[in-house]
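Listed here are the chains, written in short residue letters.
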Amino acid sequence: MEVEEKEDTFNVMALSLVIVIVLMLVSLVVLLFITHNAYLDAYFILDVFFDAQNTAASTELAPIAFSSGIGKFSSLFALVVVDNVSRILIVSFILAAVIDFLSYANIEEFFNELRARFMNGHVIVCGYNELSAQLIERLYSVNKKCVVIEQDRKKVENVRSMRTPILNRDFTEEQAMKAANISKASAVVLASESDADNVLGALVARRLNSKIKILSRLKDEHVRKKAYIVGADMSVIPEHLAGLEIGEFVRKGMVRAW
Amino acid sequence: MPSVLKDHVIVCGYGLVGEKIVELLQQYSIPFIVVEIDKAKADSLKERGLPVVCGDATSSKVLKEAGIEHAKAIAIATDDDAKNLFTVITAKSLNSKIIIATRANTDLMASKLKEAGAGFVATPNKSASEELFKELSKGT
């Protein structure tokens, strides 16, 4: 009788081990296919292990299994397997759905807008390029906070920074300026390479905040007047500034040479 | 016309930068000649009475035509960094004493142009960001 019980115990342990291994493998395959997320895989393997062990060792199941022979125990464990596999599938699908939803809702954008909402006295930089990147660096050197509005995701892909909230929106739209919290901003810099967009951006910014400082980058001298009419306070033409600097250097050099 | 010029400035490229350089040189009555690759633009400048050589500023022949051997300075203002670098090297080889000022689109290119012999390099974006920053810093 004692020998039989020992054999039963050994069989139970062996079967438990096989079930646990099978569950781990099943969970791994399911999770790899559904979530493609290594962290979640690891979590679920542990979860399955925990569940299988708990079920097998629970006070209700263990005595039945140990007292009724290996046949009944096997059928009982088959139920455990089905129970755990179904749990894995259900939870995996729920998680996959949640992940899908989060990526669709663009959680990063949501948090960036949330950060912008809590800013005060910040600078809104419209358009991300070499000029705005340099300006943002300068502003951060004096602890001035910025929000960037850039519609082209490719332009800001490599410049994701914890310091600067980037809103993937069209800055010529009121909603984009509102999302950047224009009512509490101290200035707007329209730095895109399109004069038309910059003028339109100035118009929108002025309409939403009559006291805000509006600075614009331009290419065409003739657009300057239009920018001021719609509300810009100051404008710069980068190429003209460079031209003046070169001209001034040459002039001074000529004077010295003479 | 180009051959008679002496102690003048050669302005390479009549774009937004070149236009401003010419404006400033005219203001101070400094003699200059423009090298412009675009024939239509060169013709238009000629019509306005400005001294022009139509051609590629990276070419020694064109620079010689603009009188580089007797020039005091050269202002290279095209928006092509590689061409500007090439022009700097060519100008330096034709006149080792010439004052060279140019433009660059990036800081990295600016340092390369200086290494090549440019005495001054302006970066439009850097200049503009400085100007905007000054304005934003006012009253804070």
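Described in the following lines is the structure provided in the data block.

### Notes on the overall build of chain B
Phase 1: Scanning chain B from terminus to terminus reveals 6 helices and 6 strands.
Phase 2: The order of helices and strands in chain B, counted from the N terminus, is β-α-β-α-β-α-β-α-β-α-β-α.
Phase 3: Here the C-alpha atoms of chain B give a radius of gyration of 15 Å, agreeing with the 14 Å that 2.2 N^0.38 yields for 140 residues.
Phase 4: For chain B, the spread of C-alpha atoms along the three principal axes comes to 55 × 35 × 25 Å.
Phase 5: The burial tally for chain B puts 48% of its 140 residues in the buried class.
Phase 6: Restricting the contact set of chain B to residue pairs at least 6 apart, pairs at least 24 apart contribute 53%.

### Overview of the overall build of chain A
Phase 1: Scanning chain A from N- to C-terminus turns up 11 helices and 6 strands.
Phase 2: Residues classed as buried in chain A amount to 34% of the 258 residues present.
Phase 3: Considering only contacts within chain A whose residues lie at least 6 apart along the sequence, 62% involve residues at least 24 apart.

### Topic: the sheet that holds strand E6 (residues 234-236) of chain A
All names here are of chain A.
Phase 1: Across the sheet, 6 strands lie side by side as E3-E2-E1-E4-E5-E6; this open sheet has parallel pairing. Where the open sheet ends on each side, the last strands, each with one partner, are strand E3 (166-167) and E6.
Phase 2: Where strand E4 (residues 187-190) meets strand E5 (residues 213-217), 4 bridges bridge the pair, whose relative direction is parallel. From the neighbouring strand, leucine 190 faces E5, where its bridge partner is serine 216.
Phase 3: In the packing of helix H6 (residues 130-141) onto the sheet, the strands contacted are strand E1 (123-126), strand E2 (146-149), E4 and E5, and the crossing angle to E1 comes to about 165°.

### Comments concerning helix H1 (residues 16-27) of chain B
Residues and elements named next belong to chain B.
Phase 1: Given a rise of 1.5 Å per residue, 12 residues ought to cover 16 Å, and the 17 Å separating the end C-alpha atoms of H1 matches this to within 8%.
Phase 2: Residues Leu16, Val17, Gly18, Lys20, Ile21, Val22, Leu24 and Leu25 constitute the buried set of H1.
Phase 3: Once H1 finishes, serine 29 follows within two positions and takes phi at roughly 55°, a positive value.

### A word on the nonpolar core
Generally speaking, nonpolar side chains in soluble globular proteins are found buried as a group.
Phase 1: Counting 91 residues, the largest nonpolar core has Ala180, Val188, Val189 and Ile246 of chain A together with Ala75 of chain B as its most contacted members.
Phase 2: The residues contacting alanine 180 of chain A, other than those within four sequence positions of it, are Ala116, Ile124, Val147, Ile149, Leu167 and Ala185 of chain A.

### Considering the interface of chain B and chain A
Phase 1: Taken residue by residue, the interface counts 32 residues in chain B and 31 residues in chain A.
Phase 2: The set of elements that each furnish at least two residues to the side of chain B that touches chain A consists of H1, strand E4 (73-76), strand E5 (99-103), strand E6 (120-122) and helix H6 (124-137) of chain B.
Phase 3: For the side of chain B that touches chain A, the element with the highest residue contribution is H6 of chain B, accounting for 11 residues.
Phase 4: Class assignment of the residues belonging to the side of chain B that touches chain A gives a composition of 20 nonpolar, 5 polar and 7 charged.

### Some thoughts on the pairing of E2 of chain A
Residues and elements named next belong to chain A.
Phase 1: The two faces of E2 match: Cys146 and Val148 on one face and Val147 and Ile149 on the other face are all buried.
Phase 2: Where E1 meets E2, 4 bridges bridge the pair, whose relative direction is parallel. Paired with cysteine 126 across the strands is isoleucine 149, a residue of E2.
Phase 3: Since E1 and E2 lie parallel, the crossover through H6 that links them has a hand, and here it is right-handed.
Phase 4: Where E2 and E3 come together, 2 bridges link them in parallel fashion. Bridge pairing in E3 places valine 148 opposite isoleucine 166.

Cut-offs applied
Residues numbered from 1 in each chain as written. Chains lettered and ligands numbered in written order. Predicted model: local features only at pLDDT ≥ 70, side-chain atom pairs only at ≥ 80, totals over all residues. Helix = DSSP H or I, 4+ residues; strand = E, 2+ residues; numbered from the N terminus. Rg over C-alpha atoms; globule rule 2.2 N^0.38 Å. Buried ≥ 20, exposed ≤ 12 C-beta atoms within 10 Å, placed from the backbone. Contact = placed C-beta atoms within 7 Å. Pairing = 2+ DSSP bridges. Axes fitted to C-alpha atoms, helices over the stretch in contact; angles between N-to-C directions. Expected span 1.5 Å × (residues − 1). Core = buried A, V, L, I, M, F, W, Y, C linked by C-beta atoms within 7 Å. Nonpolar A, V, L, I, M, F, W, Y, C, P; charged D, E, K, R; others polar. Right-handed = clockwise from strand over helix to strand, strands pointing away.

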